[in-house]
Amino acid sequence: MRSPSLDSGPIRSPRGAGNESRSANTSERAHRRAIRTRLTVSGLCAALLSVLLMWVPNMAPVWPVSTSPAAALASRALSTIDVTAVLTVLAALTVVALVRKLPYGIGVVIACVVGAEVTTALVRHLAASSTTATDLPSGQLVAVTALLGAASMVASATWRPMILGLGTVAALAVGVAQLAVGSVSPVGIVSALLITGVWWPACSVVMLFSPAAAAREARNPFDTAALVAQRRMGRFR
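Definitions and limits used
Residues numbered from 1 in each chain as written. Predicted model: local features only at pLDDT ≥ 70, side-chain atom pairs only at ≥ 80, totals over all residues. Heavy atoms only, no water. Helix = DSSP H or I, 4+ residues; strand = E, 2+ residues; numbered from the N terminus. Buried < 20%, exposed > 50% of the residue type's maximum accessible area, 1.4 Å probe, protein only. Contact = heavy atoms within 4.5 Å. Areas by Shrake-Rupley, 256 points an atom, 1.4 Å probe, with all protein chains shown as cover. Axes fitted to C-alpha atoms, helices over the stretch in contact; angles between N-to-C directions. Parallel < 35°, antiparallel > 145°, perpendicular 65-115°, else oblique. Nonpolar A, V, L, I, M, F, W, Y, C, P; charged D, E, K, R; others polar. Core = buried A, V, L, I, M, F, W, Y, C linked by side-chain atoms within 4.5 Å.

Chemist: Got a minute to help me understand the overall build of the protein in this structure?
Modeler: Each helix and strand counted, the protein has 9 helices and 0 strands in total. When the elements of the protein are put in sequence order from the N terminus, they spell out α-α-α-α-α-α-α-α-α. For the protein, the residues scored as buried account for 34% of the 237 residues in total. Once local pairs closer than 6 in sequence are excluded, the contacts in the protein between residues at least 24 apart make up 79%. Per element, the accessible surface of the protein, about 14,500 Å² overall, is 69% carbon and sulfur.

Next comes the structure, spelled out in structure tokens:
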């Protein structure tokens, strides 16, 4: 005799409930995998940066400084990447995050750019006595790549491929120009990319929670991301 089931009795399980549950489990696993992957990349970049800074004082060759006309032109182009330009783009990205109503967008943009630049300044300060100036991480390249990362995190899916493409070309142009001028060596280029590699994936982990936060605020406009963070911090006190 066949054992009774929910589908054979008066109480029937809703159709598609099992599929919805499996879909939710699959989405949750993918979400956790994305978090682990990005944190792993961030940690690896931090470890590689530490190894590079310990290796440079002993083995890195001296990078020559160029005085050719091409180098002078590249130097003038690089001079446009200053604090004012970086802050202007940073402000524009915060406006984009605000317009798109991304709950964590503004904080992520500021953390990615400012965090990368502060890390660069700290590394340059700590390694200045044991490393040549050209082997130190390039602040201009860090600024360009960090802004690229911040822009990709707040851009819509339609604009993101174009932003990544143009931003990558801009970062390559800055790196080549600095190598042509001789202000930064290949070691300085790699260390700058590693610093961005620490902050970009780490900040993108926060943006993985942004869709859920947007849905929560749509249900209750007063239940903001800041209040949720405050509640979670209160649980650990």
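Chemist: Honestly, the packing of helix α5 (residues 139–154) against helix α6 (residues 160–181) in this entry has me stumped. Any pointers?
Modeler: The contact between α5 and α6 brings their axes to 10 Å, and the two run at 175°. In terms of orientation, α5 and α6 fall into the roughly antiparallel class. Taking contact as the criterion, the partners of Gln140, Leu141, Val144, Thr145, Leu148, Ala151 and Ser152 in α5 are, on α6, Arg160, Ile163, Leu164, Gly167, Thr168, Ala170, Ala171, Val174, Gly175 and Gln178. Within the contact of α5 with α6, the residues separate by chemical class into 9 nonpolar, 7 polar and 1 charged.

Chemist: Would you mind going over the nonpolar core with me for this structure?
Modeler: Side chains of a nonpolar character, in soluble globular proteins, are inclined to be buried together. Of all hydrophobic cores here, the largest spans 41 residues; its most connected members are Leu93 and Val113. When residues of this core are traced back to their parent elements, those giving at least two are α1 (17–59), α2 (69–78), α3 (83–99), α4 (105–127), α5, α6 and α7 (186–207). Top contributing element to this core by residue count: α5, with 10 residues. Once you skip the residues sitting within four places of it in the chain, Leu93 turns out to touch Val109, Leu147, Ala150, Ala151 and Val154.

Chemist: Would you explain the environment of His31 in this entry?
Modeler: Residue position: His31 is located in helix α1. By relative accessible area, which is 22% here, His31 ends up partly exposed. Taking the C-alpha atoms as reference, His31 lies 7.6 Å from Leu208; in sequence the two are 177 residues apart. Apart from residues lying up to four places away in sequence, His31 is in contact with Leu208 and Phe209.

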